[in-house]
Amino acid sequence: MRRKSHFKIRILSRSCCFLLLMSLWMGVGFQWNVLGDVAASENPITQDEIQEGLDFCAQYPIRVKYEEQQMMFSEEDCPPFILRDRTLIPIRAVFEHMGATVTYLEDTQEVIVSQPPQEIRMVIGGGIASVDGVDVALDTPPLIIDHNNDGFGSTMVPLRFLSEELGYQVLWNDKERMAHIHERVDIPLLLGFGQSKNILLDPGHGGRDPGAIGTSPQGEEIYESHLNLQIASRLKELLIQAGANVGMTRETDKYLDKYERVAIANEGEIDIFLSIHNNSSDSSWIHGTTTYYYDKMTAQGESLEELYGIQSGEMAEFVQQYLSQILGTKDNGAVSYPQLAVLNKTSMPAIVVEGAYLSNVADFQLISQEEYVENYAYGVALGIINYLNQQQMR
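Bear in mind that the values here come from a model prediction, so they are computed numbers and not experimental data.

A. Looking closely at the environment of V113. Tracing the sequence through the fold places V113 in strand β9 (residues 110-115). For V113, a relative accessible area of 0% translates into the label buried. Remark: the alpha-carbon pair of V113 and L166, spanning 53 residues in sequence, is separated by 9.2 Å.

Written out as C-alpha cells, the structure is:
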C-alpha cells in the first residue's frame, strides 16, 4: 500500500535512504511523525534499526514465495526486510497477490485485510490487531516506510502474523533467505514402516526441575518444564493421528532424572526416543533452533540403522529442517552431541530437540505466542513422519 505524503519530509538524517511516516491520532487531527515517536512501547524501534535492516536486506535480499510462485516486487515497493527477527513485507503487493482485499482508511490510519471469513484490522504504529473482532498483541507494529525518498510510503507488516491468522503456513529457509507461504496441510499418514515403530516422547525437566525460566518485560514467567509438556502432549496427538504408536516418559508435572528417562526407554520396546526441550543461555543474543543426535553403535559394532532402519543423524536433520522453517527461527543445524545421557545411554535411535531460547528477547516473544506449541509440535511431527516415510521408500 502506497500513499503520497502531505509534503516531502526531510527532518530525518540526510544520510537516510528512507522516510518512515506514521500518522497518529492526536485528538485534533493527524500529524506526521518520524519513527522516534513510535514510543508507546517500552523498547521503541529506532531509525538505525530500520536502516540497518534495509541495508542488510539490500545486500542479501529476502525472497517471498506463494505456493510455487516467487513474488516479484516493483521498485516503488519497499522490499521485504527483517526488523527484530520479524520479516516485514509490503502488505498490498503480497496479500492482494494471495487473493485478499487490502483497504486503507486514511481518517483512522487503519489497514484492513479481508479474506473471508477472516478480517484483520491494524492501525499504523499500533501494537494491537483486531482479528475477527478479537484483539491480538503485535510484537512489531505496521509501519509506513518511504525507502527511496520519492514521497510515497509502503505499508509494511509482519509476514508471519498476518499469514498465519489468515490460515496460511510460513516456512522460513534461513540459508536461502526465502519465506515460503502456502496453505496449511493436514498431517500426512505414516506408511507401514513408520506405523510399525514405537515412539517415546520425553518432555524435558518437570517437578522440582523447572528447566529454563523466561521472563517477559511485564514480569510474566514461562517455565520450560510446563512448555515442554504442552508441546509433547500435542505432538503425541499429531503422531497418533498419523498412525504412530506413541508413549511419553511423563504426562504430568513430574520429576524424572536423566537415568530414569533412559531406563523407561531401554526397558520398553521403543524404536525412537524423542526428547522435547527449549533452550537458554547466559548470552542473551544466542537464539534459534537446534536438534542434537548421536549415531551410536552397539557393543557388537552394529549400527542402529542396521537394527532399526533409522539413523539418528538423518532423522535429526529432517526434524531440524521442518521445525526451524515452521517456527521461523534461526537454523542452528542438527548437531552430533554424544555427551548427553539420553543420547549415549539409550539403546535406540534418539534425538533431543531444542525449539527456541527463553533467554533471548525475540525467541521469548515467539514462545509467548499462543500458536508456538502448535507450530513446534506440527514441525516435529512433519519431520518424523516424512523421515520415516522416506525410509520405507529406500
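B. Focus on the sheet that holds strand β8 (residues 101-105). With respect to topology, five strands assemble into an open sheet ordered β8-β9-β10-β11-β12, the strand pairing being antiparallel. Bordering the open sheet on either side are β8 and β12 (134-137), each of which pairs with just one other strand. Averaged over all neighbouring strand pairs, the angle between strand axes comes to 20°, with direction disregarded.

C. Structural view of the sheet that holds strand β5 (residues 69-70). Pairing in this open sheet of four strands is mixed, and the strands run β5-β4-β16-β15 from one edge to the other. Two strands in the sheet have a free side with no partner beyond their single neighbour: β5 and β15 (168-173). Strand direction decides the pairing type here: strand β4 (residues 63-66) and β5, joined by two bridges, are antiparallel. Pairing of Y66 across the sheet is with Q69, part of β5.

D. Geometry of the packing of helix α8 (residues 312-327) against helix α11 (residues 372-393). Contact geometry for α8 and α11: axes closest at 8 Å, N-to-C directions at 145°. The handedness of the crossing between α8 and α11 comes out as right-handed. Of the residues that constitute the contact of α8 with α11, the class distribution is 14 nonpolar, six polar and one charged.

E. Molecular detail of helix α6 (residues 258-267). Turning to α6, its buried residues number three or more, namely R261, V262 and A265. Buried residues along α6 cover an arc of 100° about the axis, so they all sit on one side. Close packing links the buried residues of α6 with β17 (198-203), β21 (272-279) and α9 (341-344). With a side-chain oxygen lying 2.9 Å from the backbone nitrogen of Y259, the N-terminal cap of α6 falls on D257.

F. Structural detail: the packing of aromatic side chains. Enumeration according to the criterion identifies five aromatic pairs in this entry. Between Y66 and Y168 the ring centres are 6.0 Å apart and the planes differ by 75°, which places this aromatic pair in the edge-to-face class. Of this pair, Y66 sits in strand β4 while Y168 sits in strand β15; the two residues are 102 residues apart in sequence, bridging distant segments of the chain. With 5.5 Å between their ring centres and 65° between their planes, F318 and Y387 make a pair best called edge-to-face.

G. Representation of the environment of H182 in the model. By the secondary structure assignment, H182 is in strand β16 (residues 178-183). If we skip the residues at most four places from it in the chain, H182 touches E67, Y168, Q169 and L171.

H. Just the pattern of salt bridges, in detail. Applying the stated rule across the entire model yields 15 salt bridges. Close ionic contact of K65 with E68 constitutes a salt bridge, the shortest N to O distance being 3.8 Å. For K65, a relative accessible area of 22% corresponds to the partly exposed category. Sharing partners across several salt bridges, the network here consists of E110, E119 and R121.

I. Broad picture of the nonpolar core. L239, Y372, V380 and I384 are the most contacted members of the largest nonpolar core, which totals 62 residues. Setting aside residues up to four positions removed in sequence, V380 forms contacts with L235, L274, V319, L323 and V353. Residues L88, I144, F161 and W172 belong to the second largest nonpolar core, which totals 42 residues.

About the cut-offs
Residues numbered from 1 in each chain as written. Predicted model: local features only at pLDDT ≥ 70, side-chain atom pairs only at ≥ 80, totals over all residues. Heavy atoms only, no water. Helix = DSSP H or I, 4+ residues; strand = E, 2+ residues; numbered from the N terminus. Buried < 20%, exposed > 50% of the residue type's maximum accessible area, 1.4 Å probe, protein only. Pairing = 2+ DSSP bridges. Axes fitted to C-alpha atoms, helices over the stretch in contact; angles between N-to-C directions. Left-handed = near helix turned anticlockwise from the far one by under 90°. Nonpolar A, V, L, I, M, F, W, Y, C, P; charged D, E, K, R; others polar. Arc of directions from axis to C-beta. Contact = heavy atoms within 4.5 Å. Polar contact = N/O pair within 3.5 Å; in protein donor to acceptor, adjacent residues only side chain to side chain. Phe/Tyr/Trp six-rings, centres within 6.5 Å; stacked < 30°, edge-to-face > 60°. Salt bridge = Lys/Arg side-chain N within 4 Å of Asp/Glu carboxyl O. Core = buried A, V, L, I, M, F, W, Y, C linked by side-chain atoms within 4.5 Å.

Limitation: the analysis is restricted to geometry and does not speak to function.
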